[in-house]
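Chain by chain, the residues:
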Amino acid sequence: MDSWLAFQALILGIVEGLTEFLPISSTGHLIVVGDLLDFNGERATAFKIIIQLGAILAVMWEFRQRILSVVTGLGSDPMARRFTVNLMIAFFPAVVLGLLFADLIEHWLFNPITVSAALVIGGAVMLWAEKRQHRIVAETVDDMDWKLALKVGFAQCLALIPGTSRSGSTIIGGLLFGLSRKAATEFSFFLAMPTMVAATVYSLYKYRDILQLSDLPVFAIGFVTTFVVAMLTVRALLVFIANHSYAVFAWYRIAFGLLILATWQFGWIDWSTAEG
């Protein structure tokens, strides 16, 4: 295997693992870093989506006890059934809009300039959401009703725009709709499971004709790296939110987005060959 290709896979795996569950847009970072590494094209797009499975397996491992209790309690525990129904309701809007508009979004919006604008705007919204008075109506994910779940599901649809951040849109949406910071974060993790698995399966099907057996080592490097880094990131985030707001991530989004815009405006980096 080419050493440069292995290095690209390693770096992108680290980026995916670090950013997938932080509200700073993993897709946006992968687009920007992938372009800087000259890792573009359909096979690269498939790689970036498929390694997300490593991130989702990491969060599934971290919450394995809760997942097991829900699965085993579906037949007898009303709370487990309500939690499952809420996840399905929240998952549905992104599935519908994703199937309808995913190709158009990928063609027109998967580029660093769109990403940078979404990062800045999303960061400003996060700061506003953190400063406003919070009225908590659901302290834990078990306190949520189907209407709250549906609202978070519609918020997740904003993440179809690269740079918005799936976790960012669901967490901030959850805060605006009355979830506690802990509940919004945990529900974002759980909602990521069906969403990202569906995206990975769809990607495998969509790019099935261009994927080759020789791609397996590169995908394996990205997958394993993503899994390890994502697990460490999830643990750190759960500790962090216990005593901090999301403002630091908002300021990072704004700074990173403005940096990308500056490199484009002043011609420091040529983004003309970027994806999209």
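Quick caveat, the model's predicted, so the values are computed rather than measured. Sequence order as written defines the numbering, with residues in each chain counted from 1. Restriction of local features to residues with pLDDT of at least 70 applies here, the model being predicted, together with a cutoff of 80 or more for giving and counting side-chain atom pairs; totals for whole chains, interfaces and linings are based on all residues. Heavy atoms from the whole structure form the basis of all side-chain values; hydrogens and water molecules are not counted.

1. Re the environment of Leu204
One can find Leu204 in helix H10 (residues 181-206). Any residue under 20% of the maximum accessible area for its type is buried, any over 50% is exposed, and the rest in between are partly exposed; the area is computed with a 1.4 Å probe on protein chains only. The partly exposed category is assigned to Leu204, whose relative accessible area is 41%. Distance from Leu204 to Ala46, taken between C-alpha atoms, is 7.3 Å for residues 158 residues apart in sequence. In this structure, Leu204 is in contact with Ile50 and Leu211, ignoring residues within four places of it in sequence. Runs of H or I in DSSP of at least four residues are treated as helices and runs of E of at least two as strands, each being numbered from the N terminus. Contact between two residues is taken to exist if any of their heavy atoms lie within 4.5 Å; hydrogens are not considered.

2. Side note on the pattern of salt bridges
Any Lys or Arg side-chain nitrogen found within 4 Å of a carboxyl oxygen on Asp or Glu counts as a salt bridge. Counted under the stated rule, the structure contains 5 salt bridges. Measuring nitrogen to oxygen at the nearest pair gives 2.5 Å for the salt bridge that ties Arg181 to Glu130. Taken together, the positions of Arg181 in helix H10 and Glu130 in helix H7 (residues 112-131) put the pair 51 residues apart, joining distant regions of the chain. What makes Glu130 buried here is its relative accessible area of 14%. Of the charged contacts, one joins Lys182 and Glu186 as a salt bridge, the two residues approaching to 2.8 Å between their closest N and O atoms. With Lys182 and Glu186 both in helix H10 and 4 residues apart, the pair spans about one turn of that helix.

3. Observations concerning helix H1 (residues 3-19)
The end-to-end C-alpha distance of H1, which contains 17 residues, comes to 24 Å, matching closely the 24 Å that a straight helix rising 1.5 Å per residue would cover. Within H1 the residues assigned to the buried category are Ala6, Gln8, Ala9, Leu12, Gly13, Val15, Glu16, Gly17 and Thr19. Buried residues in H1 make contact with helix H2 (26-36), helix H3 (42-50), helix H4 (52-62), H10 and helix H11 (216-240). The definition of a polar contact used here is a pair of N or O atoms within 3.5 Å, where within protein one atom must be able to donate a hydrogen and the other to accept one, and adjacent residues in sequence count solely through side-chain atom pairs. Of the residues flanking the start of H1, the one acting as N-cap is Asp2, its side-chain oxygen 3.0 Å from the backbone nitrogen of Trp4. Expected helix span is computed as 1.5 Å times (number of residues minus one).

4. Let's talk about a nonpolar patch on the surface
To count toward a patch, a residue needs a relative accessible area above 30% and no salt bridge. Like charges then connect within 9 Å, nonpolar side chains (Val, Leu, Ile, Met, Phe, Trp, Tyr) within 5 Å. Computed with a 1.4 Å probe, the accessible areas rest on the Shrake-Rupley method; for each residue, only the protein chains presented here act as cover. A surface patch of nonpolar side chains, about 720 Å² in accessible area, is lined by Phe92, Val96, Leu97, Leu100, Phe101, Leu104 and Trp108. Structurally, Leu104 can be placed in helix H6 (residues 78-109).

5. Here's the deal with the UniProt feature "transmembrane region" (unreviewed entry) in the chain
Cross-referencing UniProt, the feature "transmembrane region" (unreviewed entry) maps to residues 45-63, 83-102, 108-129, 187-205, 217-238 and 250-269 in the present numbering. Secondary structure across residues 45-63 comprises 89% helix and 0% strand; the distance between its end C-alpha atoms is 28 Å. Note that residues 108-129 is 91% helix and 0% strand, and that its end C-alpha atoms are spaced 29 Å apart. UniProt positions are given in the numbering used here, feature names are shortened, and annotations may be inferred rather than shown by experiment.

6. Side note on the nonpolar core
Residues Phe21, Val59, Phe187 and Tyr246 are the most contacted members of the largest nonpolar core, which totals 45 residues. Looking at this core, the elements that each hand over two or more residues are H4, H6, H7, helix H8 (146-157), helix H9 (166-176), H10, H11 and helix H12 (247-265). The element that contributes the greatest number of residues to this core is H10, accounting for 9 residues. Filtering out sequence-adjacent residues up to four positions away, Val59 remains in contact with Phe21, Phe189, Met193 and Val234. As used in this record, nonpolar core signifies buried Ala, Val, Leu, Ile, Met, Phe, Trp, Tyr and Cys residues forming a set joined through side-chain atoms within 4.5 Å. Core analysis: the next-biggest nonpolar cluster, separate from the first, contains 15 residues, Leu12, Ala46, Ile51 and Tyr207 among them.

7. Some remarks on the packing of helix H5 (residues 64-73) against H6
All axes are obtained by fitting lines to C-alpha atoms, using only the stretch in contact for helices, and the reported angles, taken between N-to-C directions, cover 0 to 180 degrees. Relative to each other, H5 and H6 sit at 110°, their axes nearing to 8 Å. Put simply, H5 runs roughly perpendicular to H6. From H5, Arg66, Val70 and Gly73 reach across to H6, where they touch Ala80, Phe83 and Thr84. Residues are grouped as follows: nonpolar covers Ala, Val, Leu, Ile, Met, Phe, Trp, Tyr, Cys and Pro; charged covers Asp, Glu, Lys and Arg; every other residue, Gly included, is treated as polar. In terms of residue class, the contact of H5 with H6 is made up of 3 nonpolar, 2 polar and 1 charged. These descriptions rest on fixed angle ranges, namely under 35 degrees for roughly parallel, over 145 for roughly antiparallel, 65 to 115 for roughly perpendicular, and the rest for oblique.

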